[in-house]
Amino acid sequence: MKSAVETLNPTRVRLTVEVPFEELKDSLDAAYKKINQQVTVKGFRKGKIPARVIDQRFGRGAVLEEAVNDALPKFYTEAVNEAELSPLGQPDVDITELKDGETLNFTAEVDVRPALEIPDYSGIEVEVDAVEVTDEDVEKSVEQLRERFASTTPVERAAQDGDVVTIDLQAKVDGEVLEDGIANGVSYTIGSGELLDGIDDAVKGLSAGEEATFTSELKGGSAAGKEAEVTVKVTQVAARELPELDDEFAQLASEFDTLEELKADSRKRLANMKQFDQATQAQERVLEKLLELVEVPVPEKLLEDEINTRKHNLEHHQLGQMGLTLDKYLEIQGKTAEEFETETREAAVKGIKTQFVLDELVKKEQLNVNQEELTEHLMRRAASSGMSPDQFAQAVVEGGQVPLLVGEVARGKALAVVVEAATVKDTNGEIVNLDDEEEETEAAEASETSEEKTEG
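Computed from a predicted structure; not experimentally measured.

A. Examining the sheet that holds strand β2 (residues 12–20) more closely. Taking strand neighbours across the sheet as the criterion, the 4 strands line up as β1-β2-β4-β3 in an open arrangement whose pairing is antiparallel. The open sheet terminates on both sides in strands that have one partner only, identified here as β1 (2–9) and β3 (87–99). Averaged over all adjacent pairs, the angle separating strand axes in this sheet is 20°, with direction ignored. Pairing of β3 with strand β4 (residues 103–112) involves 9 bridges; the strand directions are antiparallel. Bridged to K99 within β4 is T103.

B. Representation of the UniProt feature "domain: PPIase FKBP-type" (unreviewed entry) in the chain in the model. Taking the numbering used here, the UniProt-annotated feature "domain: PPIase FKBP-type" (unreviewed entry) corresponds to residues 162–215. In residues 162–215, helix accounts for 9% and strand for 54%; the two terminal C-alpha atoms are 22 Å from one another.

C. Structural view of helix α1 (residues 25–38). Spanning 14 residues, α1 covers 20 Å between terminal C-alpha atoms, matching the ideal 20 Å at 1.5 Å per step. Listed in full, the buried residues belonging to α1 are S27, L28, A31, Y32, I35 and N36. Buried residues along α1 sit in contact with α2 (51–58) and α3 (60–83).

D. Geometry of the pattern of salt bridges. Within this structure, the stated rule accounts for 32 salt bridges. Taking the shortest distance from any N to any O, the salt bridge between E97 and K99 comes out at 3.3 Å. Given a relative accessible area of 38%, K99 falls into the partly exposed group. The closest approach of N and O atoms between D163 and R157, which form a salt bridge, is 2.7 Å. Connected through shared salt-bridge partners, E6, R12, R14, D92, E109 and D111 make up one network.

E. Spatial organisation of the environment of T325. Relative to the assigned elements, T325 resides in the loop between α8 (300–322) and α9 (326–333). For the pair T325 and A224, spaced 101 residues apart in sequence, the C-alpha to C-alpha distance is 8.7 Å. Reaching out from T325, the side chain makes a polar contact with the backbone nitrogen of K328 at a distance of 3.1 Å.

Calculation rules
- Residues numbered from 1 in each chain as written.
- Predicted model: local features only at pLDDT ≥ 70, side-chain atom pairs only at ≥ 80, totals over all residues.
- Heavy atoms only, no water.
- Pairing = 2+ DSSP bridges.
- Helix = DSSP H or I, 4+ residues; strand = E, 2+ residues; numbered from the N terminus.
- Axes fitted to C-alpha atoms, helices over the stretch in contact; angles between N-to-C directions.
- UniProt positions renumbered as here; feature names shortened; annotations may be inferred.
- Expected span 1.5 Å × (residues − 1).
- Buried < 20%, exposed > 50% of the residue type's maximum accessible area, 1.4 Å probe, protein only.
- Contact = heavy atoms within 4.5 Å.
- Salt bridge = Lys/Arg side-chain N within 4 Å of Asp/Glu carboxyl O.
- Polar contact = N/O pair within 3.5 Å; in protein donor to acceptor, adjacent residues only side chain to side chain.

Below, the structure is given as structure tokens:
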């Protein structure tokens, strides 16, 4: 077999392959054997029909077609390996010449990973938010904890802001009560904004046993997005009572003996959260700077596939679970269809470029992934998916996705190398030192945005 490569553009090549006919022998034998098992000829036992009889009865062309279909993937793979290409997706194959007993010639056009030049990235500088926890932050955190320990007491008066009311709801669209438009015994805190628009105004001023009707757009269910006439009946009004902020509350709500100890712990936790956010911010901004340094051509078909995948996941998974259509989602977001298309394309381009650049860095820096790193990453992914580690691991193995996870970890390590070399300062001008292990954890998550479609 002989092959040659022609570069059509930075992300697409054409392979020209010439195969001597004798190299088709194994595939021809397999073709005769397959046809033998599929046909019957009077006078011959099934599977024992001579090749010359098959040629006479069914045509040599049918045998050649079967043999070529069997052989093409093997010869294509050999040509790809010989040229040391990294193909993306399936090739467009064209048989240019097939002479029985002489030769098989074909071409294969396929998208490939572009050759990238990674420049010196040690001069990257980024600014991130400073880690500052104010007294107001601490007070807000403690107040949220206090809200969780609030108690309620039924009262004989009209409902007002902050009260917890028990209500029955009935929704009608075009005068008809919806099958899924009835809910009884619903507990709702007035002012929380957790139910329908307009419900706060409707229930305020009502006492137990009274009802009101208002119009609201349904957020979910069979009539999501439609205007409905909603009748709400209050069956109970309860006042919320917050515990006193004192040492007794600290003992009730935490493992601490005093309120001051509780506040100190809140301050520490808030600082840790802001450090986590700061590390994430550093990863994202260093990655943006890195992408600016590298010229990355993007294969158009790969880009279109990535865009379609993102749209499909949004419409059929994320929005579907919320009972929203894409049009309704865009309305809520205040975006036009054109703006959505532009944002989706930009995100897809960034995702593809990110993987290409970080994969090149993995090769340049000769980074490897050990079993411990892979296991830790698998545990994080399992937690975010809502599956147990064993379930997630089984799904990964059965789906052949282990190389995908290895790639995610490797890209995380590559980005961590760049972050370590970069200068990261906070808004106060102070140098930020990020823990190496934390860098790799955050970087792995930062580089997972488009793994499925850009896997090569």
